[in-house]
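# Per-entry structural report
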Amino acid sequence: MSVEWWLVRHGLTAWNAERRYQGHSDPPLIPNEAAGLAELGRELAGVNFAAVYTSDLRRCRETLACSRPDLLDGAQQDPRLREMNFGRWEGLTYEMLKEDERYRTWIDDPQSVTPPDGESWQAFKTRVTEMCGELLTRTEALAGTDSNSSFGSLASGPLREASLPSTMRLYPSSPLTASQSVESARLLIVTHGGVISMLCSLLQPGLGFWDTRVGPGGVKRLYFQGQGEPEEEKEGYDE
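Summarised in this report is the structure supplied together with it. (Residues numbered from 1 in each chain as written. Predicted model: local features only at pLDDT ≥ 70, side-chain atom pairs only at ≥ 80, totals over all residues. Heavy atoms only, no water.)

## A short note on the layout of surface pockets
- Within this model, the largest pocket holds a volume of roughly 970 Å³.
- Lining the largest pocket are 33 residues, with R9, Y21, F86, W210 and R213 sitting closest to its centre.
- Of all the secondary-structure elements, those providing two or more residues to the lining of the largest pocket are α1 (14–17), α5 (94–97), α6 (101–108), α7 (121–143) and α9 (193–203).
- In terms of residue count, α9 provides more of the lining of the largest pocket than any other element does, four residues in total.
- Classifying every residue of the lining of the largest pocket gives 16 nonpolar, 10 polar and seven charged. (1 Å grid on protein atoms, 1.4 Å probe; cavity = no way out; pocket = protein on both sides within 12 Å on 5 of 7 lines; lining within 4 Å. Points joined across faces, edges and corners; volume = space filled by probe spheres on them. Helix = DSSP H or I, 4+ residues; strand = E, 2+ residues; numbered from the N terminus. Nonpolar A, V, L, I, M, F, W, Y, C, P; charged D, E, K, R; others polar.)

Here you go:
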């Protein structure tokens, strides 16, 4: 069986529109964003998900409520799916911060500077890595791959690129042609842009953090397949 991850970025907030850093702050979606999420709702409609995960922040929970309200009660809310904590920079814009030397250094090299009262890059990466390991363990169980090649090892130590076990392969786009079909299980993960970028960079060798962009209400899919299933890969990324 193949397994798909549907990584959904939350809908639009006023702070998104004003280009303010949100992080762990908890603004709601803008009024009438349900209309803005109509396309997401159509994309998710009628799709069966083996499990649903969401950041515990309001904008993610409201996104799920707008797009698939029937899944909200059963969703697993997890703070590890929160955006990076930007500390005292939250609520501020680039224009407000551009003269701050610490901020300018962070823009150029976020791994070397921590926002005041915020989260270091390593702390952010560590918690997303831990969450990634749990999602991969669930993926392995759904795919029915060899239990001796456990994804769970990803959560117990430093995550290395290309560390998926030999029983599974990851594709950034569907490896199936129009004439092919295979039984699939799906995980729905409603989270934030930074978390989606981190998950993709952790799982795909050579892919940088800034190489993945998903707009508000957008979906990024990742496809996991066991050995012996179709391996033809389409070009490009499924944004």
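## A few points about the nonpolar core
- Grouped together as the largest cluster of nonpolar side chains are 37 residues, with contacts concentrated most on W5, L7, Y53, W106, L203, L222 and F224.
- Those elements that place two or more of their residues in this core are β1 (2–9), β2 (51–54), α6, α7, β5 (184–191), α9 and β6 (219–226).
- Those residues in contact with W5, other than ones at most four positions away along the chain, are C132, L135, L136, T139, L187, I189, L203, K220, R221, L222 and F224.
- Core analysis: the next-biggest nonpolar cluster, separate from the first, contains 16 residues, L29, F49, V52 and L71 among them. (Core = buried A, V, L, I, M, F, W, Y, C linked by side-chain atoms within 4.5 Å. Buried < 20%, exposed > 50% of the residue type's maximum accessible area, 1.4 Å probe, protein only. Contact = heavy atoms within 4.5 Å.)

## Some remarks on the pairing of β1
- Burial analysis of β1 places eight of its eight residues in the buried class, which makes it a mostly covered element.
- Of the two faces of β1, the one carrying S2, E4, W6 and V8 and the one carrying V3, W5, L7 and R9 are both buried.
- The pairing of β1 with β5 spans eight bridges and is parallel. Residue V8 lies in a different strand from β5, and its bridge partner there is V190. (Pairing = 2+ DSSP bridges.)

## A short note on the environment of Y103
- With respect to the secondary-structure elements, Y103 resides in helix α6.
- What makes Y103 buried here is its relative accessible area of 1%.
- Once the C-alpha coordinates of Y103 and T114 are considered, the two residues, 11 residues apart in sequence, prove to be 9.0 Å apart.
- If near-sequence neighbours (up to four positions away) are discounted, Y103 is found in contact with Y21, W89, Y94, L97 and K98.

## With respect to the packing of aromatic side chains
- By the definition in use, this model includes 13 aromatic pairs.
- Measuring from ring centre to ring centre gives 5.8 Å for F86 and W106, while their planes differ by 80°; the resulting arrangement is edge-to-face. Of this pair, F86 sits in the loop between β3 (76–77) and α5 while W106 sits in helix α6, placing them 20 residues apart in sequence. The residues F86 and W106 share a single accessibility class, namely buried. (Phe/Tyr/Trp six-rings, centres within 6.5 Å; stacked < 30°, edge-to-face > 60°.)

## Section: helix α4 (residues 58–67)
- Taken together, the buried positions of α4 are R59, C60, T63, L64 and S67. The buried residues of α4 occupy one face: seen down the axis, they fall within an arc of 140°.
- Summarising the contacts, the buried residues of α4 are in contact with β1, α3 (38–44), β2 and β5. (Arc of directions from axis to C-beta.)

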